[in-house]
Amino acid sequence: MEWEQLDLNPRIIAAVKKANFRSAKEILCVSGPDLQRLTRLSKTDVQRLHCSVAAVVRESKPSQLIRGECPVLEAGHRLSCACPVLDGLMRGGLPMRGITELAGESAAGKTQFCLQLCLSVQYPQEHGGLNSGAVYICTEDSFPIKRLRQLITQQPQLRPDLPPALIRSRRFSDNIYIEHAADLEALQACVSQRVPVLLKRGLVRLLVVDSVAALFRSEFQADEAVQRSRHLLAFSNILHRLSHEYGAPVVCVNQVTDVVDGPNPGRCDYGLVGSKVLPALGIAWANQVMVRLMLRRLPGQVQSDSRSSATRKLEVVFAPHLPRASCLCGVWEEGVRGIPDDHSDLQPQGSS
C-alpha cells in the first residue's frame, strides 16, 4: 500500500518503512508490543498506526483481510531447500503440509540444513519461499546463533540467482522465533499455545523441532513404550493440525539408533535396507511422518572452488510423491549444497 495515504505523522510512516513492512495485513497481524519492538515507536504511536491502517483497509477492501488466512499459493508449491540439486531431489523442495523428518547421526549436517530452510522461507513465493518467518524449537543444544549470522552474510554466495537488492531487503534474524524446551511439558505448551499465535498472525510459515527424539528418549524408560507412544501421537497430532490448517511445513530432526541384528539381517526397517543405524522412536513415530530423509556423513571429501567439505549423502527414505533417491552434498561456509552428478570437479576425494 501507499503509506503516504495514511493520516499519520511522517515520523511514524518513516518508522514503518524502516521496519520493512510491506502491506496493511502485516501491520494488522502484528501485536502492539511486537510493533513497538520492530518500529521502536511509542505505545500511543502504535495505537494510532493500527487505527489508521484499519480504517484504510475497511474502506478499500473489507473482504480481503481474514484473521489467520493463509496466502494463496500455486498448486504444487514447495519450500525451496535453497539449492538446485537438493530441490531436484525433492521435486521442488519440502511439501507444504505434513511432517518432514530429517534423521542422521551427530555432525551429519541436520541443523545446518534446518537453518538454511529458516532463511529460504523468508523469500517471496516466486523464489521458492513463503514470504514469512520460522519458529525454531531447540530441545538439545542452544540455538546456533553464530552460524545463523554467518549463513545470513553468505546468502549472496548461496543464492546467486536472486537479485542482490532482494537479499539486502530481508531482515532474516528478525523473522526467526527461537524457543527452548527443556522437557515434554514445555514442548507441548510451545506447539499448542505459542506457535499457533505466530501462525495465525502470519508471522511464520515454517516450524522446526530440533530434535524430536531428545525429550521422548530421555523422559521414558524402556518399559514405558506405551506411555511414550501415547505422548508421541498427541504431539504429532498437534503438528499435523498446525501444518494443514496454516499450510506450514513442519520439519522434525531425529536422532538415530544402532541396528541390532536379529534372526533376519536382510530385513527392511522403515524403508532402509542394510543400514547400520535407524531413525529413533520406532514405528509409532515413523507412522506419523509423511517424508523421511536421512543425512549421512561419508568417508572422504568433496571439492568446490578449491574448498573441501566432508562428503554427505541426503537420501529420500520414503515419501508419497518421491521415488527412493539420493544425492551427495557438502556443508560450506554459505550453507548446504548438493553435488551435481555431471560436475567433474565436485567428486568425492579419497572415499572408499
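All values reported here derive from a predicted model rather than from experimental measurement. (Residues numbered from 1 in each chain as written. Predicted model: local features only at pLDDT ≥ 70, side-chain atom pairs only at ≥ 80, totals over all residues. Heavy atoms only, no water.)

## A word on the pattern of salt bridges
Side-chain pairs of opposite charge can arise where the charged atoms are in close proximity.
Reasoning step 1: Tallied over the full model, the rule gives 11 salt bridges.
Reasoning step 2: Measuring nitrogen to oxygen at the nearest pair gives 2.9 Å for the salt bridge that ties Asp 174 to Arg 171.
Reasoning step 3: For Arg 171, a relative accessible area of 31% corresponds to the partly exposed category.
Reasoning step 4: The residue Glu 179 makes a salt bridge to Arg 194 at a minimum N-O spacing of 3.1 Å. Here Glu 179, found in strand 3 (residues 176-180), pairs with Arg 194, found in helix 10 (residues 184-200); they are 15 residues apart in sequence, far enough to count as distant.
Reasoning step 5: Classification of Arg 194 by relative accessible area gives partly exposed; the value is 37%.
Reasoning step 6: Counted as one network, the salt bridges with shared partners bring together Arg 11, Asp 45 and Arg 48. (Salt bridge = Lys/Arg side-chain N within 4 Å of Asp/Glu carboxyl O. Buried < 20%, exposed > 50% of the residue type's maximum accessible area, 1.4 Å probe, protein only. Helix = DSSP H or I, 4+ residues; strand = E, 2+ residues; numbered from the N terminus.)

## Considerations on the sheet that holds strand 10 (residues 291-304)
Reasoning step 1: Across the sheet, nine strands lie side by side as 3-2-4-5-1-10-11-12-13; this open sheet has mixed pairing. Whereas interior strands pair on both sides, the edge strands pair on one side only; in this sheet they are strand 3 and strand 13 (335-338). Here the strands of the sheet are splayed against their neighbours by 25 degrees on average, with no regard to which way each runs.
Reasoning step 2: Sheet analysis places strand 2 (residues 133-138) next to strand 4 (residues 204-210), joined by six bridges and oriented parallel. (Pairing = 2+ DSSP bridges. Axes fitted to C-alpha atoms, helices over the stretch in contact; angles between N-to-C directions.)

## Description of the pairing of strand 12 (residues 325-332)
Reasoning step 1: Looking at chain direction, strand 11 (residues 307-318) and strand 12 are connected through five bridges and run antiparallel. In the strand pairing of strand 12, Glu 315 is matched with Ser 326.
Reasoning step 2: Here strand 11 folds back onto strand 12, and the loop between the two strands holds six residues.
Reasoning step 3: Joining the antiparallel neighbours strand 12 and strand 13 is a turn of two residues.

## Brief notes about the side chain of Arg 170
Reasoning step 1: In this fold, Arg 170 is placed in the loop between helix 9 (164-169) and strand 3.
Reasoning step 2: By relative accessible area, Arg 170 is classed as buried at 12%.
Reasoning step 3: Of the polar contacts made by the side chain of Arg 170, one reaches the side chain of Asn 131; its length is 3.2 Å.
Reasoning step 4: Sequence-distant contacts of Arg 170, that is, excluding residues within four places in its chain, are made with Arg 22, Gln 122, Tyr 123, Pro 124 and Asn 131. (Polar contact = N/O pair within 3.5 Å; in protein donor to acceptor, adjacent residues only side chain to side chain. Contact = heavy atoms within 4.5 Å.)

## Some points on the packing of helix 10 against helix 12 (residues 225-246)
Reasoning step 1: Axis separation between helix 10 and helix 12 bottoms out at 11 Å; the angle between their running directions is 5 degrees. Here helix 12 runs roughly parallel to helix 10, going by the angle between their axes. From helix 10, Leu 187, Gln 188, Val 191, Ser 192, Val 195, Pro 196, Leu 199 and Lys 200 reach across to helix 12, where they touch His 231, Ala 234, Phe 235, Ile 238, Leu 239, Leu 242 and Tyr 246.
Reasoning step 2: Looking at the contact of helix 10 with helix 12 residue by residue, the class counts come to 11 nonpolar, three polar and one charged. (Parallel < 35°, antiparallel > 145°, perpendicular 65-115°, else oblique. Nonpolar A, V, L, I, M, F, W, Y, C, P; charged D, E, K, R; others polar.)

## Notes on unusual backbone geometry
Reasoning step 1: Each neighbour pair has its own omega, and for Asp 210 with Ser 211 the value is 5 degrees, a cis peptide bond.
Reasoning step 2: With respect to the helices, strands and loops of the structure, Ser 211 is situated in the loop between strand 4 and helix 11 (212-218).
Reasoning step 3: A positive phi angle is found at Arg 40, which is not glycine, with a value near 60 degrees.
Reasoning step 4: Its place among the elements puts Arg 40 in the loop between helix 3 (32-39) and helix 4 (43-60).
Reasoning step 5: Exposure remark for Arg 40: the relative accessible area of 77% places this residue in the exposed category.

## Notes on helix 6 (residues 110-120)
Reasoning step 1: Of all 11 residues that make up helix 6, nine are buried, and the element is covered over most of its length.
Reasoning step 2: All of the buried residues in helix 6 are Lys 110, Phe 113, Cys 114, Leu 115, Gln 116, Leu 117, Cys 118, Leu 119 and Ser 120.

## A look at the pairing of strand 2
Taken residue by residue, a regular strand's side chains alternate between the two faces of the sheet.
Reasoning step 1: Summarising burial for strand 2: six of the six residues are buried, a large majority.
Reasoning step 2: The alternating pattern of strand 2 places Gly 133, Val 135 and Ile 137 on one face and Ala 134, Tyr 136 and Cys 138 on the opposite face, and all of these are buried.
Reasoning step 3: In this sheet, strand 3 lies alongside strand 2 in parallel orientation, the contact comprising five bridges. Counted as the bridge partner of Ile 137 is Glu 179 from strand 3.

## A word on the layout of surface pockets
Reasoning step 1: Computed from the structure, the second largest pocket encloses a volume of approximately 430 Å³.
Reasoning step 2: If you go around the second largest pocket, you meet 24 residues; those closest to its centre are Ala 107, Lys 110, Thr 111, Asp 141 and Asp 210.
Reasoning step 3: At the level of elements, helix 6, strand 2 and strand 5 (250-254) are the ones that each hand at least two residues to the lining of the second largest pocket.
Reasoning step 4: If you tally residues by element for the lining of the second largest pocket, the top one is helix 6, at three residues.
Reasoning step 5: Of the residues in the lining of the second largest pocket, the class split is nine nonpolar, nine polar and six charged. (1 Å grid on protein atoms, 1.4 Å probe; cavity = no way out; pocket = protein on both sides within 12 Å on 5 of 7 lines; lining within 4 Å. Points joined across faces, edges and corners; volume = space filled by probe spheres on them.)

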